[in-house]
Amino acid sequence: MQLDDNLLKELESGKELIFKGDPDENVVLCTEDKTYDVKEAETSNSLLLAPELLFADATGIASTNGTDSLNNSDSFDKSNNSLNRSTDSDDAARPPRRIEFKNVVNTFFTYYELKPCKPRLSKLRKLLDSTKYRGPEQEYLIEKTELYDYDRLLDAVQASRREIDEELIKIQAIELDGFYRLLEFDYEFRVLSYMLDLIEENSWPLNRISKEITMDSLKDLTPNAILEAAFNFYTVPSIVEDGIQYYQYKEDKVCRFLARVLLKSAGRFNLAEFLQAWSDSVPEGMVTNETQLRGIALMDKSSTPQVIWGFLESDLPEDINERFGILFRSKDKWTVDEISPYVDVHSSESQSWVSMDKKPLAPVVGDMFQVFYNGKGASCVWCA
C-alpha cells in the first residue's frame, strides 16, 4: 500500500486504518476522520516480500563505517572492500559484518493506491429509512433486527467516524434506546406543530422561547427524547434574562420544513398561491423567501401561470449520470444557482463543475447552460 504522509503518521502513532466494504461495494480505507478510495495499480518493478529484512540504518554498519555505501555510484565495490576490512585484526573495535539469508515469500507486480474521496454516506439514510419513528403507538410494527446501533452503523457505512457523526447530525438521527432512528415526516410535522403552537398560546416573542415550558407542556403528547431532540433541531440559544436561557427558532429551517409540508402532495401548484399559503403557514414574524426552497422545489416562471413543484435533492440517485438524466428531463435549462443544490453533493475540493470551455460554473451565477445527456455521460455547454 502506498501511504501519504498523513496516513503514515496515523499508522506510526498506533491509530487504526480500517478497510470497509460489502461484497458488492468498492473498498475504501477509513481513518478517524477521513475516507480514502482504494485502487489497485500496476508497477513496472517487482516488489519482493522478505520478512525481518533490516534496512541499513538498523544494522549500525553505516555509522561505524562513517559513510553510506548505498549513496555511492561504486557501492558494490566499496561494500566488498568494507566487508574485507571489517575482519582486519587492526580494527578490533569495529563489529564484524555478517551475511544472513532471507527468504522471499512473495513477489508482487501491483500495489494499492489510496486517494482521498468523499465519504459514501447515502447508505446511512437508507439503513435507517425502514425503521423511521412514527410515534409510540406504531412501535409494534418495527422489526427489531433492522435497528442499527452506532457500532453497526460504523461497520456498514463507508465513512470515517467523524464523517458519520456529522452526517447523523445532518439527517437529524435520534438515538432511542441505544438505536439510531429517523423521524417519519408526518410525525416530525406533528411534533413541530405542537412546539410552534406554543408561541401563539403563550404570546412569546420569537427570541424568547422557553424550553422548560415547551418540555413541560408537551410531555404527555410526545416522548421526552423525541421532544428534546426536535427542540435542539429547530432552535438556537438567544438571550439570557434573570439567569434563564431563552431560545429562538431557526427561521430558515422552520420555513423550509413547512414549505415541504405544502409541497408534499403530488403535482404542480400555482406559484403565487403557494407563496401566499406558505407565508400564512409560518409563525407570525417569520419571513419566507424563495432562497429557502433551494434543493426542495423547482419553479417554472416562464409558464402561464407560473408554477412550483416539490423536487427533493435527497430523492435523486447517487450516480451522477443518472442524476443528470433526471435533472434535465425535469428542466431543459438551468441557472447555476438552480442546479447547484442538486450537484454540490458530488463536488469536492479537487473537483468542481465546469463548462466545455473550462469555465467554472459556480462563479457564473445567472448564466444559462444546458446538458446533453446520452445515457453514458453528461456534457455542459453555455447557451445564450
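Residues numbered from 1 in each chain as written. Predicted model: local features only at pLDDT ≥ 70, side-chain atom pairs only at ≥ 80, totals over all residues. Heavy atoms only, no water.

- In the annotation of an unreviewed UniProt entry, the entry for the protein reads Sister chromatid cohesion protein DCC1, and the organism field reads Eumeta variegata.

Details of the environment of Val-282
Stage number 1. Positionally, Val-282 belongs in the loop between helix H12 (271-281) and strand S10 (297-300).
Stage number 2. Spatially, the C-alpha atom of Val-282 lies 6.4 Å from that of Cys-255, the residues being 27 residues apart in sequence.
Stage number 3. With sequence-adjacent residues up to four places away left out, Val-282 is seen in contact with Cys-255, Leu-258 and Thr-288. (Helix = DSSP H or I, 4+ residues; strand = E, 2+ residues; numbered from the N terminus. Contact = heavy atoms within 4.5 Å.)

Describing the sheet that holds strand S9 (residues 269-270)
By way of backbone hydrogen bonds, the strands of a sheet pair with one another, either parallel or antiparallel.
Stage number 1. Strand order across the open sheet formed by 3 strands is S9-S11-S10, with antiparallel pairing between neighbours. Single-partner strands in this sheet number two, and they are S9 and S10.
Stage number 2. Here S10 pairs with strand S11 (residues 307-310) via 4 bridges, running antiparallel. Its bridge partner lying in S11, Leu-298 is registered against Trp-309.
Stage number 3. In this fold helix H11 (residues 251-263) packs onto S9, S10 and S11, with an angle of close to 100° to the strand it touches most, S11. (Pairing = 2+ DSSP bridges. Axes fitted to C-alpha atoms, helices over the stretch in contact; angles between N-to-C directions.)

Describing a nonpolar patch on the surface
Stage number 1. The grouping of Met-1, Phe-19, Val-27 and Tyr-112 at the surface amounts to a nonpolar patch, some 390 Å² of accessible area in total.
Stage number 2. Topologically, Val-27 is positioned in the loop between strand S1 (18-20) and strand S2 (28-30).
Stage number 3. With a relative accessible area of 31%, Val-27 lands in the partly exposed category. (Patch = residues over 30% accessible without salt bridge, like charges linked within 9 Å, V, L, I, M, F, W, Y side chains within 5 Å. Areas by Shrake-Rupley, 256 points an atom, 1.4 Å probe, with all protein chains shown as cover. Salt bridge = Lys/Arg side-chain N within 4 Å of Asp/Glu carboxyl O. Buried < 20%, exposed > 50% of the residue type's maximum accessible area, 1.4 Å probe, protein only.)

Brief notes about the sheet that holds S2
Stage number 1. The strand order S1-S2-S3-S4 describes an open sheet built from 4 strands, whose pairing is antiparallel. Every other strand in the sheet has two partners, leaving S1 and strand S4 (106-116) as the edge strands with one partner each. Strand-to-strand twist across the sheet, computed as the mean angle between neighbouring axes with direction ignored, equals 45°.
Stage number 2. Of the pairings in the sheet, the one linking strand S3 (residues 35-49) to S4 comprises 10 bridges and is antiparallel in character. Across the sheet, residue Lys-39 finds its bridge partner in S4, namely Glu-113.

Topic: the pairing of strand S7 (residues 235-241)
Stage number 1. Bridge count between S7 and strand S8 (residues 244-249): 5 bridges; the pairing is antiparallel. What sits directly across from Glu-241, in S8, is Ile-244.
Stage number 2. Connecting S7 to the antiparallel partner S8 that follows it, the hairpin turn spans 2 residues, and Asp-242 within it adopts a positive phi of roughly 55°.

Notes on the nonpolar core
Stage number 1. If you look at the biggest cluster of nonpolar residues, it comprises 41 residues, and the most contacted ones within it are Met-195, Ile-226, Tyr-249, Leu-293 and Ile-308.
Stage number 2. Where this core is concerned, the elements lending two or more residues are strand S5 (174-176), helix H8 (185-201), helix H9 (211-218), helix H10 (224-234), S8, H11, H12 and S10.
Stage number 3. If you look at the next biggest cluster of nonpolar residues, it comprises 17 residues, including Ala-159, Ala-173, Tyr-180 and Leu-182. (Core = buried A, V, L, I, M, F, W, Y, C linked by side-chain atoms within 4.5 Å.)

Examining H12
Stage number 1. Along H12, the residues that are buried comprise Leu-271, Phe-274 and Trp-278. Down the axis, H12 shows its buried residues gathered within 60° of arc, on one side only. Facing away from the buried side of H12, by more than 90 degrees, are the exposed residues Ala-272, Glu-273 and Asp-280.
Stage number 2. Looking at the packing, one finds that the buried side of H12 touches H11, S9, S10 and S11.
Stage number 3. The opening residue of H12 is Asn-270, an N-cap whose side-chain oxygen sits 3.0 Å from the backbone nitrogen of Ala-272. (Arc of directions from axis to C-beta. Polar contact = N/O pair within 3.5 Å; in protein donor to acceptor, adjacent residues only side chain to side chain.)

Topic: the confidence of the model for the protein
Stage number 1. In the predicted model, the protein carries a mean pLDDT of 82, and 80% of its residues have values of at least 70.
Stage number 2. Within the model, pLDDT remains below 50 along residues 66-73, and this stretch shows 7 contacts once partners closer than five positions in the same chain are excluded.
Stage number 3. Taken together, the stretch residues 349-384 has pLDDT below 50 and engages in 76 contacts with residues farther than four places along the chain or on a different chain. (pLDDT = per-residue confidence, 0-100.)

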